[in-house]
Every structure is written in structure tokens, then in C-alpha cells.
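Observations on the three-dimensional arrangement
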There are 2 protein chains.
Amino acid sequence: MTGPEIAVDRSSPVPLYFQVAEQFAAAIQRGDLAPGDRLDSELQLADRLGLSRPTVRQAIQHLVDKGLIVRRRGVGTQVVRGEVRRAVELTSLHDDLVRAGQRPSTSVLELATVACPPAVAAALGLPPGGEVQHLRRLRFSDGEPLALMENWLPVDLPRLTMAALQADGLYAILRAGGRRIRGAHQRIGARAATAAEAQMLGERRGAPLLTMTRTAYDDQGRYVEHGAHIYRASRYSLEVTVAER
Amino acid sequence: MTGPEIAVDRSSPVPLYFQVAEQFAAAIQRGDLAPGDRLDSELQLADRLGLSRPTVRQAIQHLVDKGLIVRRRGVGTQVVRGEVRRAVELTSLHDDLVRAGQRPSTSVLELATVACPPAVAAALGLPPGGEVQHLRRLRFSDGEPLALMENWLPVDLPRLTMAALQADGLYAILRAGGRRIRGAHQRIGARAATAAEAQMLGERRGAPLLTMTRTAYDDQGRYVEHGAHIYRASRYSLEVTVAER
DNA sequence: GTCAATGTGTTGTCATGACATCTGCCCTCT
DNA sequence: AGAGGGCAGATGTCATGACAACACATTGAC
């Protein structure tokens, strides 16, 4: 077995292990590597690609984390059987919709600086009594209401503008502002729609909603955003992939 | 800064990087390392612990993946601000409840070998027309109904017994049977309870339910279990931690 | 006084080498 | 024919060394 054709470009700024991981992921997605197929051994791959074994291992580990392949000591590496789905990465709803080929639009209901509610201060790790930016948006997909999103951000962040919020997702704006988001803690639940929520989302009162609260931190470990989102359960669900290390 | 006292035991079968990661995680949980605190640099740590830098890096990467700390190139490593929550790992509901100090109990509603529904065959990657083990359970926590769980497993797996299912979680039984589960794809959503579901869960018809379908694969990349679970949204929610890289 | 260049410390990437441990298979002995 | 040992091959772990990229503080020139 020689596996798919993979070539690395040493002059590229993209790390070698990442190039390898991406090409393997693409080969799996394409079907060049079918579910159950064995990959070459790490030593064979290292030899064939002209890379060291740690680099190859790093690439493969990346794919294991994404739930694409499985390794067994003493045996080898195989592609996971069955169709592969994309895991929820650290993306915003806006980006997810664009990737799925839909056309998101956003209506900004509120954008103001307000006194920070105690629960938000606790979530963001801020001292009580301060101020935060408060944001309420209604997100549409292909013209249909999909989600009602409420967010709080520290005031020392770059100020948000209506125009930017209507064109892009919140995370894209923050990233463009030099704020690199590195992780988030999320809680996912469900509850019934209130009358006001139902009216805005085009559901009936009491309709099931998917709820998610998320607190995201940046590369300094500082909490950057706290959000409470509700989604129409009839039109949206979340995907998560878990892999053991 | 010298950081918390950490010592490794080279005679232990536990990998060194794992020992280091666990002790740092414990120090963070204890509060010895406060949110925002800087860790020693990788070189300092390697020197202090008598380990190589790759080993220290592996330990730290583990903590980054768990969302406990953040690294910044050229700057250093910091503990994530704010309280830390445990991520949903690859555990069953049963184990989660035990860890939370509650007393789960299980009532097995159905345990039989049935013709495999097409949707399940697709999820498990089985040829259509075969047979599968089918399982329906009602899970209680401290005597209160919490979740209705329906699972399908290939027939070539070890046969399940009523007694085992009432005492332990499904994953614990599979692991004890030598089946190592390595990862899972999950989809999380919400919907309204049917009359029958509401009656079993002690909710009203139309009450919001949190739904999760999960397909788990073992160390050979074979799908081992497909489950469709519904939870009382009023009593249960899921936690997920996402970290980049 | 301001701004650019430099220096230092950190994490990111990659290579090489070695040994440990596990699995599955073949082979041999009983 | 069956059980057991040994062997080959795979991943898991760990060490050492080196350079690159980046952030931040300091120094120097203008």
C-alpha cells in the first residue's frame, strides 16, 4: 500500500505537519482513502515524504483529534468507518451558514454600553459594577429567522459598529480587530419559547428552542465574549466530535 | 516564579507527560495556580523537572486541549481566566451522574435482536437487511426520570444482559467486554415531547427535550454503537469545551 | 523627544536517535 | 490439533539539538 499522493512544499510558510494533515483529510473526504483503509506506517510515511517521524506523527495526531482516523498500537492506522462529519470548531454561526452554502443576514436589535449584569460579570471574570457592551441580534438564513443572539463584551475591546455586525459574524470582526480567540466553554440545553421569542423567531409560543451559552477566551486567557443564544430547534442542530487521546 | 511543586515518578508506568499534565491540572483546580498566572517557560520546566522539552510541551499541549491554559508564542503560558469547567469527554451519562455525586438507576424497557432499520444501518456502516441488538432504557437520577435512551449495536458485539445494563452504563459494559471506544460523532438538537415520551419522563406533552444522537467508533475505526437519546431539558444540559489547534 | 533598530526570551517547528510496549502471525513443541 | 514461544512490525514514549517566528523591552540614532 502506498496511499494517496502527498507532496509537501518546504518553501511554504504553512507548517509541514499541517500540509500533510490537510492532504490526508482531503483524500479521506474525496474517497481516495476509503473507510477502513490502512495508512502507511509512520516510518514509511516519513521516508516517502522526506519528513521526520515526529512531524508525521504530529500530522496524524491532528487527524485523530478531528475524528477522521484511529490508531492502534502494534497494529496501524485506519480511516474511521462510515461517513465523516465536520466537528463544531471555533466558528461563529455566521461562518457555519456561509460554509453550508446558505446566505445569512443579520438584524441588529440593540447595540449599547450598559451596566454589567452580575451573571455576565461572573462569566467574563470582570469586577462587578462595571460596564459592558451589550448586543442583541436576530440571525436569518435565506430570509428565515434562525436564531436570537445576545452577547456581552468588555468595553476595552474594539467598539462594534452596526455596519460591521450586519455584514459579518461577531468572531470575524473580533479577529479582524486583532483579537485572537483561542477557545470557549459552552453549555447546551433546551427550553420552551416565550411569547416574545416565538414572535421574533416565527415559532409558536412554547416551541422547543436549542439554547447555547458560550464564553470565549483569547490568547491571553482573558474572557472576550459571553453569549446566550437560542436557536429554532426545527431548523438547527449542533455537531460535536469527541476523540480520546 | 517557580510554580507549584511538581514531581515525576520515572518508575511509574504512567507516562511522564501525563503525570505532569495531571499535576498542573490539579494545581489549577486547587487554586495554587490562579487564573491569569504565568507558568514557567518550557525550558525552565524541563530543567526543573529533569525532563526534555518535548515531554514538557506534550504535557502543556494536553492542558491547552482541555481549555485550562493558553499559550502565546513569544510571550508565555497563562492559566485561563475565570472558573474552569469540565469538558464532556467520552463518557456515558451513567458515569457523568456518578461523578456528579448522584445515584443513577436504569430501567430496561427493551432488549432484543431486531431487523436493522435503514437509518441505523447507514449510521453504523452496516449492509442493509441485517440484524442488530436494540435497546431502550429509561434513566433515573435520584429517583427522578431524566432521559430516554434508545441504542442499536451490531450483533457481533458481546451480548448485553439485563442485569449488567441495570447496574452499569453501556460504555462501561462495552469497555469491560474488551471493546475500546475511541471517539464519537454527536448531533445535538431539541424538540417537543410526544405524549408517550412526556408520560415516561414525567413532563407535559410538548415540553422541550434535548436530543442527542451519537455514533461511537472503536479502536479499529468500526462503529460500535448508535444511540438516540432524549433528555428532560429542565434537568439536564451538556457542556462542551472547544480549543483551537 | 520620537522612532527605528537591536536584543532577549518565549513558543513553534523540525530532525535524529533510541528504547518500550503492544499486536498479530508464524513456527515449533507437545 | 492445540498451546505456547518467538519474531517482526507498528505505535507510544522520551531525549537532544537546532533554528524560526514572534512579542516585548531596551537601546540607540536622529
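Residues numbered from 1 in each chain as written. Chains lettered and ligands numbered in written order. Predicted model: local features only at pLDDT ≥ 70, side-chain atom pairs only at ≥ 80, totals over all residues. Heavy atoms only, no water.

1. Comments concerning the protein's contact with DNA strand C
The full set close to DNA strand C counts 27 residues, and Arg10(A), Leu16(A), Ser52(A), Thr55(A) and Arg53(B) are the nearest of them. Among the atoms of DNA strand C lying within 4 Å of the protein, the sugar-phosphate backbone contributes 69%. Taking Thr55(A), its side chain carries an N or O atom lying 2.7 Å from a phosphate oxygen of DNA strand C. In the model, a sugar or linking oxygen of DNA strand C is placed 3.1 Å from a nitrogen or oxygen of the Arg73(B) side chain. Residue assignment for the surface near DNA strand C shows that the elements contributing at least two residues are helix 1 (16–30) and helix 3 (53–65) of chain A together with helix 3 (53–65), strand 1 (69–72) and strand 2 (76–79) of chain B. The greatest single-element share of the surface near DNA strand C, amounting to three residues, is contributed by helix 3 of chain A. Tallied by class, residues from the surface near DNA strand C come to seven nonpolar, eight polar and twelve charged. (Near = heavy atom within 4 Å. Polar contact = N/O pair within 3.5 Å; in protein donor to acceptor, adjacent residues only side chain to side chain. Helix = DSSP H or I, 4+ residues; strand = E, 2+ residues; numbered from the N terminus. Nonpolar A, V, L, I, M, F, W, Y, C, P; charged D, E, K, R; others polar.)

2. Topic: the interface of chain B and chain A
Taken together, the contacts link 51 residues of chain B with 50 residues of chain A. Counting each side, the surface lost to burial between chain B and chain A is near 4600 Å², with a carbon and sulfur contribution of 50%. At the junction of chain B and chain A, the tally comes to zero salt bridges. In this assembly, chain B and chain A are joined by four residue pairs in polar contact (both at pLDDT 80 or more). Looking at the side of chain B that touches chain A, the elements that each hand over two or more residues are helix 3, strand 1, strand 6 (181–192), strand 7 (208–218) and strand 9 (238–243) of chain B. Among the elements that line the side of chain B that touches chain A, the one with the most residues is strand 6 of chain B, at twelve residues. When grouped by side-chain class, the residues that make up the side of chain B that touches chain A number 20 nonpolar, 14 polar and 17 charged. Where strand 9 (residues 238–243) of chain A meets strand 6 of chain B, six bridges bridge the pair, whose relative direction is antiparallel. By the bridge assignment for strand 6 of chain B, Thr241(A) is matched with His185(B). (Contact = heavy atoms within 4.5 Å. Buried area = accessible area lost by both parts, 1.4 Å probe. Salt bridge = Lys/Arg side-chain N within 4 Å of Asp/Glu carboxyl O. Pairing = 2+ DSSP bridges.)

3. Some words on the relation of the copies chain B and chain A
Between chain B and chain A, the superposition needs a rotation of 180° and an axial shift of 0.0 Å, giving an RMSD of 0.1 Å. The operation mapping one copy onto its partner corresponds to a two-fold rotation axis. Within chain B, the C-alpha atom positioned nearest to the axis of rotation is that of Pro208(B), 2.4 Å from it. Take the interface residues of chain B: 96% of them recur as interface residues in chain A, which is what a same-surface contact looks like. (Least-squares fit on C-alpha atoms with pLDDT ≥ 70 in both.)

4. Details of the protein's contact with DNA strand D
All names here are of chain B. Taken together, 26 residues lie near DNA strand D, and Arg10, Leu16, Ser52, Pro54 and Thr55 sit nearest. Near the protein, meaning within 4 Å, the atoms of DNA strand D are sugar or phosphate in a fraction of 72%, with bases accounting for the rest. Ser52 places a side-chain nitrogen or oxygen 2.8 Å from a phosphate oxygen of DNA strand D. Between DNA strand D and the protein, one listed contact pairs a phosphate oxygen with a side-chain N or O atom of Thr55 at 2.7 Å. Looking at the surface near DNA strand D element by element, the count peaks at three residues for helix 3. Residues that form the surface near DNA strand D fall into these classes: seven nonpolar, eight polar and eleven charged.

5. Notes on the pattern of salt bridges
Going through the model one piece at a time under the given rule, you end up with 20 salt bridges over all chains. Here Glu42(A) ties to Arg57(A) by a salt bridge, and the two come within 2.9 Å at their closest N and O atoms. Pair noted here: Glu42(A) is in helix 2 (residues 42–49) and Arg57(A) is in helix 3, with a separation of 15 residues, a long-range link. Looking at Glu42(A), the relative accessible area reads 12%, which means it is buried. The salt bridge involving Arg30(B) is made with Asp32(B); its shortest N-O contact spans 2.9 Å. The class of Asp32(B) is partly exposed, set by a relative accessible area of 48%. One continuous salt-bridge network, built from bridges that share partners, spans Glu42(A), Arg53(A), Arg57(A) and Arg71(A). (Buried < 20%, exposed > 50% of the residue type's maximum accessible area, 1.4 Å probe, protein only.)

6. Some points on the nonpolar core
Grouped together as the largest cluster of nonpolar side chains are 30 residues, with contacts concentrated most on Leu93(A), Ile188(A), Leu210(A), Leu93(B), Ile188(B) and Leu210(B). Among the nonpolar cores identified, the runner-up in size contains 23 residues, and Tyr17(A), Ala25(A), Ile28(A) and Val64(A) belong to it. (Core = buried A, V, L, I, M, F, W, Y, C linked by side-chain atoms within 4.5 Å.)

7. Re helix 3 of chain A
All names here are of chain A. Between the first and last C-alpha of helix 3 there are 18 Å, a value that for 13 residues agrees with the 18 Å anticipated at 1.5 Å per step. Those residues of helix 3 that sit buried are Thr55, Val56, Ala59, Ile60, Gln61, His62, Leu63 and Val64. Buried residues along helix 3 sit against helix 1, helix 2, strand 1 (69–72), strand 2 (76–79) and strand 9. (Expected span 1.5 Å × (residues − 1).)

8. Observations regarding the packing of aromatic side chains
Evaluated as defined, the whole model comprises six aromatic pairs over all chains. Taken together, a centroid distance of 6.2 Å and an interplanar angle of 70° make the contact between Tyr217(A) and Tyr223(A) edge-to-face. The exposure classification of Tyr217(A) matches that of Tyr223(A), with both residues buried. Both rings, one in Tyr17(B) and one in Phe18(B), keep their centres 6.3 Å apart while their planes meet at 85°; by these two values the pair is edge-to-face. (Phe/Tyr/Trp six-rings, centres within 6.5 Å; stacked < 30°, edge-to-face > 60°.)

9. Here's the deal with the environment of Arg53(A)
Residue and element names in this part refer to chain A. Note on placement: Arg53 falls in helix 3. Residue Arg53 is classed as partly exposed on the basis of its relative accessible area, which comes to 40%. When neighbours within four sequence positions are excluded, Arg53 is seen to be in contact with Glu42, Leu43 and Ala46.

10. Notes on the pairing of strand 6 (residues 181–192) of chain A
Bridge count for strand 6 of chain A against strand 7 (residues 208–218) of chain A is eleven bridges, and the pairing is antiparallel. Looking across to strand 7 of chain A, one finds that Ala190(A) is bridged to Leu210(A).

11. Brief notes about helix 1 (residues 16–30) of chain B
Turn by turn, an α-helix covers 3.6 residues, leaving residues three or four places apart pointing in a common direction. Residues and elements named next belong to chain B. For helix 1, spanning 15 residues, the distance from its first C-alpha to its last is 21 Å, which sits close to the expected 21 Å at 1.5 Å a residue. If you check which residues of helix 1 are buried, you get Gln19, Val20, Ala21, Phe24, Ala25, Ala27 and Ile28. In this fold, the buried residues of helix 1 make contact with helix 2 (42–49), helix 3, strand 1 and strand 2.

12. A short note on the confidence of the model for chain A
Residue and element names in this part refer to chain A. Scored by pLDDT, chain A comes out at a mean of 83, with 91% of its residues at no less than 70. Considering only residues more than four positions removed or in separate chains, one finds that residues 83–87, a stretch of pLDDT under 50, has 14 contacts. Here the complex is predicted with pTM 0.75, and the ipTM for its interfaces comes to 0.71. (pLDDT = per-residue confidence, 0-100.)

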